[in-house]
Amino acid sequence: MVAFVVPVATVLATSVTEPPGGLSHYARFVGSPDLVRIFVRTVGMAAVATAIALVVGYPLTYFVTSGQGRPGKMVMAVVAGSLFVSLIVRSYAWLAILGRGGLVGWVGSRLGGDTSDLALAPTKLASLVGILQYAIPMMMLALYDVVRRVDRTLMHAAESLGAGPVRRFLRVYWPQTVPGVTAGSALVFVSVLGYYIIPSILGGPQNMMLGELIAVKMQTTLEYGLASALSSGLLVVGTVSYLLVRRASGGGR
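Throughout this document, residue positions are counted from 1 along each chain, in the order its sequence is written. Predicted model: local features are reported for residues with pLDDT of at least 70 only, side-chain atom pairs are reported and counted for 80 or more only, and whole-chain, interface and lining totals are derived from all residues. Derived side-chain values reflect all non-hydrogen atoms in the structure, with water molecules and hydrogen atoms excluded from consideration.

**A few points about the overall build of the protein**
- The helix and strand labels rest on DSSP assignments: H or I over at least four residues marks a helix, E over at least two residues marks a strand, and numbering proceeds from the N terminus. Check the secondary structure of the protein and you find twelve helices and zero strands.
- Overall, the protein shows an N-to-C arrangement of helices and strands of α-α-α-α-α-α-α-α-α-α-α-α.
- If one aligns the C-alpha atoms of the protein with their principal axes, the spans along those axes are about 70 × 60 × 30 Å.
- Partly exposed describes any residue whose relative accessible area lies between the buried limit of under 20% and the exposed limit of over 50%, with all areas from a 1.4 Å probe on protein chains only and scaled to the type maximum. Relative to its full complement of 253 residues, the protein shows a buried share of 39%.
- Only heavy atoms enter the contact rule, under which two residues are in contact if any of them lie within 4.5 Å. Looking at the protein alone, contacts between residues at least 24 apart form 68% of all its contacts between residues at least 6 apart.
- Only the protein chains shown count as cover for residues, and the accessible areas themselves come from Shrake-Rupley with a 1.4 Å probe. For the protein, the accessible surface area stands at approximately 13,900 Å², while carbon and sulfur atoms represent 69% of it.
- Where the 19 positive side-chain charges of the protein centre and where its 9 negative ones centre are 10 Å apart. This count recognises Lys and Arg as positive and Asp and Glu as negative, with His and chain-terminal groups excluded. To locate a charge, take NZ of a lysine, CZ of an arginine, CG of an aspartate or CD of a glutamate.

**Some words on the environment of aspartate 145**
- Within the element layout of this structure, aspartate 145 appears in helix 7 (residues 124–148).
- In this structure, the C-alpha to C-alpha distance between aspartate 145 and valine 55, residues 90 residues apart in sequence, is 18 Å.

**Focus on the packing of aromatic side chains**
- Only the six-membered ring of Trp is used, alongside the rings of Phe and Tyr, when aromatic pairs are assigned; centres must lie within 6.5 Å, and planes under 30 degrees apart are stacked while those over 60 apart are edge-to-face, with the rest tilted. Inspection of every chain in the model, using the stated rule, returns seven aromatic pairs.
- Both rings, one in tyrosine 58 and one in tyrosine 173, keep their centres 6.5 Å apart while their planes meet at 80°; by these two values the pair is edge-to-face. One end of the pair, tyrosine 58, is in helix 3 (residues 33–65); the other, tyrosine 173, is in helix 9 (residues 165–193), with 115 residues separating them in the sequence.
- When the ring of phenylalanine 169 is compared with that of tryptophan 174, the centres are 6.2 Å apart and the planes differ by 50°; the resulting orientation is tilted.
- Assessed through its relative accessible area of 31%, phenylalanine 169 is described here as partly exposed.
- In this structure tryptophan 174 comes out as partly exposed when scored by relative accessible area, which is 30%.
- Aromatic rings pair up to connect Tyr58, Tyr62, Phe169, Tyr173 and Trp174 into one cluster.
- Over the ring of tyrosine 134 we find arginine 90; its NZ or CZ atom is 3.9 Å from the centre of that ring. In this scheme, Lys NZ or Arg CZ marks a charge over a ring once it lies within 6 Å of the ring centre and within 35 degrees of the ring normal.

**What about the nonpolar core?**
- Among the buried residues, those of types Ala, Val, Leu, Ile, Met, Phe, Trp, Tyr and Cys that are joined through side-chain atoms within 4.5 Å form a nonpolar core. Ile131, Leu143, Val192, Tyr195, Leu210, Leu213 and Leu230 are the most contacted members of the largest nonpolar core, which totals 52 residues.
- Among the secondary structure elements, those contributing two or more residues to this core are helix 3, helix 4 (70–82), helix 7, helix 8 (153–160), helix 9, helix 10 (197–203), helix 11 (210–219) and helix 12 (224–248).
- Broken down by element, the residue count for this core peaks at twelve residues, all from helix 7.

**As for the pattern of salt bridges**
- Should a side-chain nitrogen of Lys or Arg be within 4 Å of a carboxyl oxygen of Asp or Glu, the pair is scored as a salt bridge. Counting across every chain of the model gives five salt bridges.
- Ionic pairing is found between arginine 37 and aspartate 34, a salt bridge with its closest N-O pair at 2.7 Å. Of this pair, arginine 37 and aspartate 34 both sit in helix 3, separated by three residues, roughly a single helical turn.
- According to the relative accessible area criterion, arginine 37 is partly exposed, its value standing at 45%.

**A short note on helix 5 (residues 87–98)**
- Taking 1.5 Å of rise per residue, the twelve residues of helix 5 would be expected to cover 16 Å, and the 16 Å separating its terminal C-alpha atoms lies within 8% of that figure.
- Of all the residues in helix 5, the buried ones are Arg90, Ser91 and Leu98. Burial along helix 5 is one-sided: seen end-on, the buried residues are contained in an arc of 95°. Of the exposed residues in helix 5, the ones pointing more than 90 degrees away from its buried face are Val89 and Ala96.
- Here helix 5 starts with a cap whose side-chain oxygen sits 3.4 Å from the backbone nitrogen of isoleucine 88, and that cap is serine 86. Given the number of residues in a helix, its expected span is that number minus one, multiplied by 1.5 Å. Regarding the arc, it is the one traced by the directions from the helix axis to the C-beta atoms. Counting of polar contacts relies on pairs of N or O atoms within 3.5 Å, with two restrictions inside protein: one atom must be capable of donating a hydrogen and the other of accepting it, and residues adjacent in sequence are counted only when both atoms are side-chain atoms.

**Re unusual backbone geometry**
- Cis geometry marks the peptide bond from proline 19 to proline 20, where omega comes out at 5°.
- With respect to the helices and strands, proline 20 occurs in the loop between helix 1 (2–17) and helix 2 (24–31).
- One non-glycine residue, leucine 222, lies in the positive phi region at around 60°.
- Among the structural elements, leucine 222 can be located in the loop between helix 11 and helix 12.

**Describing helix 4**
- Between its first and last C-alpha, helix 4 extends 18 Å over 13 residues, near the 18 Å set by a 1.5 Å rise per residue.
- Inspection of helix 4 places Gly72, Met76, Val79 and Ser82 among the buried residues, and these make up the whole buried set. Relative to the axis of helix 4, the buried residues are bounded by an arc of 135° and lie together on one face. Those residues of helix 4 that are exposed and aimed more than 90 degrees away from the buried face are Arg70, Lys73, Met74 and Val78.

In structure tokens, the structure reads:
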């Protein structure tokens, strides 16, 4: 708690004490269309990444935990092992694949298209692809234990009582996995909010996210007050997300 609370308190204090002090840095944040645009882009990217990670990760986790034996274990090994690859190495690998003269353009040209100069990076799409390579494994790891402990005999019981596949999933299977879904969604969403290495490499300056902007303000322009105000904005979004997830999972009752 000390290691977490003291730095956060310092950031909050800096946001209102750094000259000219008061709420001036927050006013500058809210009053700047460019800063608001970056903030909205960051929250939007986090929301999209979380949704895609859930849509992809949920069925994959079901496959891994449904007694698939060796194939399921191989999928989980690949998913977990991918997290041990350096973030910078991954980002530059995607840059080589999606950038001008990269693998995607080369494959397209071999298929008969004029794609030798195709550049999918740096773009917002490339940034999302790089983020998803982290978001999907995180979602699956959060879901894995919950999905593995689902009582599947209840599905057979529901089927014997006449429930169809969709009804069995929505009324029996899904409710048992909600804790994993909420935990994984919160983990991915809050993590993506603070990403700055992946967007800086794959997104470029035109698609800057808030984490990258905070790093620039702290390390380059030395605008500590504004950087602290921006960080406080991320803190508020993260806290609200946690409270919503806690309420959705029944923890706030």
